[in-house]
Amino acid sequence: QVQLVESGGGLVQPGGSLRLSCGASGTWFSMSGPAWYRQAPGKERTLVAQMSDSGSKNYEESVKGRFTISKSGRNMVYLEMNNLKPEDTAVYYCKAMINAQIYWGQGTQVTVSS
């Protein structure tokens, strides 16, 4: 059974930093198109950052220059978040295509508040 599991969320003050991690477990042979999404209360889930198989990266406009998506090894995806703002508060989800199927993680809460 393939699973994506996120970690690293929490409460942070404005201007602070967090690093989210996403790991793929189970038996699988290929991962592509890792991405991070977020969903704030009462709002739709939206794309924050994604990485193509060639390594190119795309970011939602409001996080450019503050967030960085990266991949390590075969199964770990990260989202480095700096200079966090209250409007970044949301549940963050990782998504990836594994064995030609789309998988989502369970989400991790990020709260930015003083």
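Heads up: these notes are all about the structure in this document.

Rules used in this analysis
- Residues numbered from 1 in each chain as written.
- Predicted model: local features only at pLDDT ≥ 70, side-chain atom pairs only at ≥ 80, totals over all residues.
- Heavy atoms only, no water.
- Disulfide = S-S within 2.5 Å.
- Helix = DSSP H or I, 4+ residues; strand = E, 2+ residues; numbered from the N terminus.
- Buried < 20%, exposed > 50% of the residue type's maximum accessible area, 1.4 Å probe, protein only.
- Phe/Tyr/Trp six-rings, centres within 6.5 Å; stacked < 30°, edge-to-face > 60°.
- Pairing = 2+ DSSP bridges.
- Axes fitted to C-alpha atoms, helices over the stretch in contact; angles between N-to-C directions.
- Salt bridge = Lys/Arg side-chain N within 4 Å of Asp/Glu carboxyl O.

Notes on the state of the cysteines
Stage number 1. For the coordinates displayed, the defined rule picks out one disulfide.
Stage number 2. Put simply, Cys 22 and Cys 94 are joined by a disulfide, and their sulfur atoms are 2.0 Å apart. Residues Cys 22 and Cys 94 are joined through a disulfide that is right-handed, its torsion about the S-S bond being 50 degrees. Of this pair, Cys 22 sits in strand β3 (residues 18-25) while Cys 94 is found in strand β9 (residues 90-98), placing the two residues 72 residues apart along the sequence.
Stage number 3. Residue class for Cys 22 comes out buried when judged on its relative accessible area of 2%.
Stage number 4. With a relative accessible area of 1%, Cys 94 lands in the buried category.

Things to note about the packing of aromatic side chains
Stage number 1. Tallied over the entire structure, the rule returns two aromatic pairs.
Stage number 2. Seen from their ring centres, Tyr 37 and Trp 104 are 4.9 Å apart, and the 65 degrees between their planes marks the pair as edge-to-face. Here the residue Tyr 37 occupies a position in strand β4 (residues 31-39), and Trp 104 occupies one in strand β10 (residues 101-104), the gap between them amounting to 67 residues.
Stage number 3. With a relative accessible area of 16%, Tyr 37 lands in the buried category.
Stage number 4. Plain terms: the ring middles of Tyr 93 and Trp 104 are 6.5 Å apart, the flat faces sit at 85 degrees to each other, and that makes the pair edge-to-face. One end of the pair, Tyr 93, is in strand β9; the other, Trp 104, is in strand β10, with 11 residues separating them in the sequence.
Stage number 5. Exposure remark for Tyr 93: the relative accessible area of 12% places this residue in the buried category.

Some thoughts on the pairing of strand β5 (residues 46-51)
Stage number 1. As defined by bridge partners, β4 adjoins β5 across four bridges and the pair is classed as antiparallel. Bridge assignment links Tyr 37 to a residue of β5, and that residue is Leu 47.
Stage number 2. Where β4 folds back onto β5 in an antiparallel hairpin, the turn is made up of six residues, including Gly 42, whose phi is positive at roughly 75 degrees.
Stage number 3. Here β5 runs beside strand β6 (residues 57-59); their pairing, made up of three bridges, is antiparallel. By the bridge assignment, Gln 50 is partnered in β6 with Asn 58.

Considering the sheet that holds strand β7 (residues 67-72)
Stage number 1. With antiparallel pairing, the four strands of this open sheet are ordered in space as β1-β3-β8-β7. Each edge of the open sheet is held by one strand with a lone partner, namely β1 (3-7) and β7. For this sheet, the mean angle separating the axes of adjacent strands, direction not counted, is 15 degrees.
Stage number 2. The pairing of β7 with strand β8 (residues 76-81) spans six bridges and is classified as antiparallel. Opposite Lys 71, over in β8, you have Val 77 as the bridge partner.

Re the pattern of salt bridges
Stage number 1. A complete count under the given rule lists four salt bridges for this structure.
Stage number 2. With a shortest N-O distance of 2.8 Å, Arg 66 and Asp 88 are connected by a salt bridge. Taken together, the residues span a long stretch of sequence, with Arg 66 in the loop between β6 and β7 and Asp 88 in the loop between β8 and β9 at a distance of 22 residues. Pair check on accessibility: Arg 66 and Asp 88 agree, each one buried.
Stage number 3. Each of Arg 38, Glu 60, Arg 66 and Asp 88 takes part in one network of salt bridges that share partners.

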